[in-house]
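Overview (structure and organization)
Spelled out from the first residue to the last, the chains are:
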Amino acid sequence: MRNTKAFKDAVAQTLAELARRGVTLGPATVADTIEQSMSTVADRLGIQVRSAWRYFDAAALADRLA
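Residues numbered from 1 in each chain as written. Predicted model: local features only at pLDDT ≥ 70, side-chain atom pairs only at ≥ 80, totals over all residues. Heavy atoms only, no water.

Membership of the largest hydrophobic core comes to 15 residues, with the highest contact counts inside it found for Phe7, Val11, Ile34, Met38, Trp53 and Phe56. Those elements that place two or more of their residues in this core are α1 (5–20), α2 (27–45) and α4 (58–65). Among the elements that make up this core, the one with the highest residue count is α2 (five residues). Not counting the four nearest positions on each side in its chain, Ile34 is found in contact with Phe7, Ala10, Val11, Thr14, Trp53, Phe56 and Leu61. (Core = buried A, V, L, I, M, F, W, Y, C linked by side-chain atoms within 4.5 Å. Buried < 20%, exposed > 50% of the residue type's maximum accessible area, 1.4 Å probe, protein only. Helix = DSSP H or I, 4+ residues; strand = E, 2+ residues; numbered from the N terminus. Contact = heavy atoms within 4.5 Å.)

In structure tokens form, the structure reads like this:
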């Protein structure tokens, strides 16, 4: 999952949202959180991880991390 364009874009968007909020986190921490979140969403909805990306919201994730 980490080698996909969607994943890299999600990390970049989340880091940008965190920067707007004045929060500094490492890219690895954000990547781990996104990976865990996407896997959790897929498991709970009973869908594939690649389908869970439609539910990703960088701003909402940044709010939770901040």
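So that's the structure; there's more coming.
This part takes up the packing of α1 against α2. Contact geometry of α1 with α2 gives a least axis separation of 10 Å together with a crossing angle of 120°. Looking at the two axes, α1 sits oblique to α2. Crossing angle aside, the handedness with which α1 passes α2 is right-handed. Here Phe7, Ala10, Val11, Thr14, Leu15 and Leu18 of α1 come into contact with α2, specifically with Pro27, Val30, Ala31, Ile34 and Glu35. (Axes fitted to C-alpha atoms, helices over the stretch in contact; angles between N-to-C directions. Parallel < 35°, antiparallel > 145°, perpendicular 65-115°, else oblique. Left-handed = near helix turned anticlockwise from the far one by under 90°.)

Inspection of the entire model under this criterion finds six salt bridges. Here Arg2 and Glu35 are joined by a salt bridge, their closest N and O atoms 2.9 Å apart. Here Glu35 lies in helix α2 and Arg2 lies in the segment before α1, a separation of 33 residues in the sequence. Notably, a salt bridge pairs Lys5 with Asp9, separated by 2.9 Å at the nearest N-O pair. Residue Lys5 and its partner Asp9 are located together in helix α1, separated by four residues, close to a single helical turn. (Salt bridge = Lys/Arg side-chain N within 4 Å of Asp/Glu carboxyl O.)

This brings us to the packing of aromatic side chains. By the definition in use, this model includes two aromatic pairs. On the numbers, 6.2 Å between centres and 85° between planes, the contact of Phe7 with Trp53 is edge-to-face. With Phe7 in helix α1 and Trp53 in the loop between α3 (49–52) and α4, the pair connects residues that are 46 residues apart, well separated along the chain. Taken together through their ring pairs, the aromatic side chains of Phe7, Trp53 and Phe56 make up a single cluster. (Phe/Tyr/Trp six-rings, centres within 6.5 Å; stacked < 30°, edge-to-face > 60°.)

Turning next to the environment of Leu65. Structurally, Leu65 is set in helix α4. As for Leu65 and Val30, which are separated by 35 residues in sequence, their C-alpha atoms are 8.7 Å apart. Dropping the residues within four chain positions of it, Leu65 is found in contact with Thr14, Leu18, Leu25 and Thr33.

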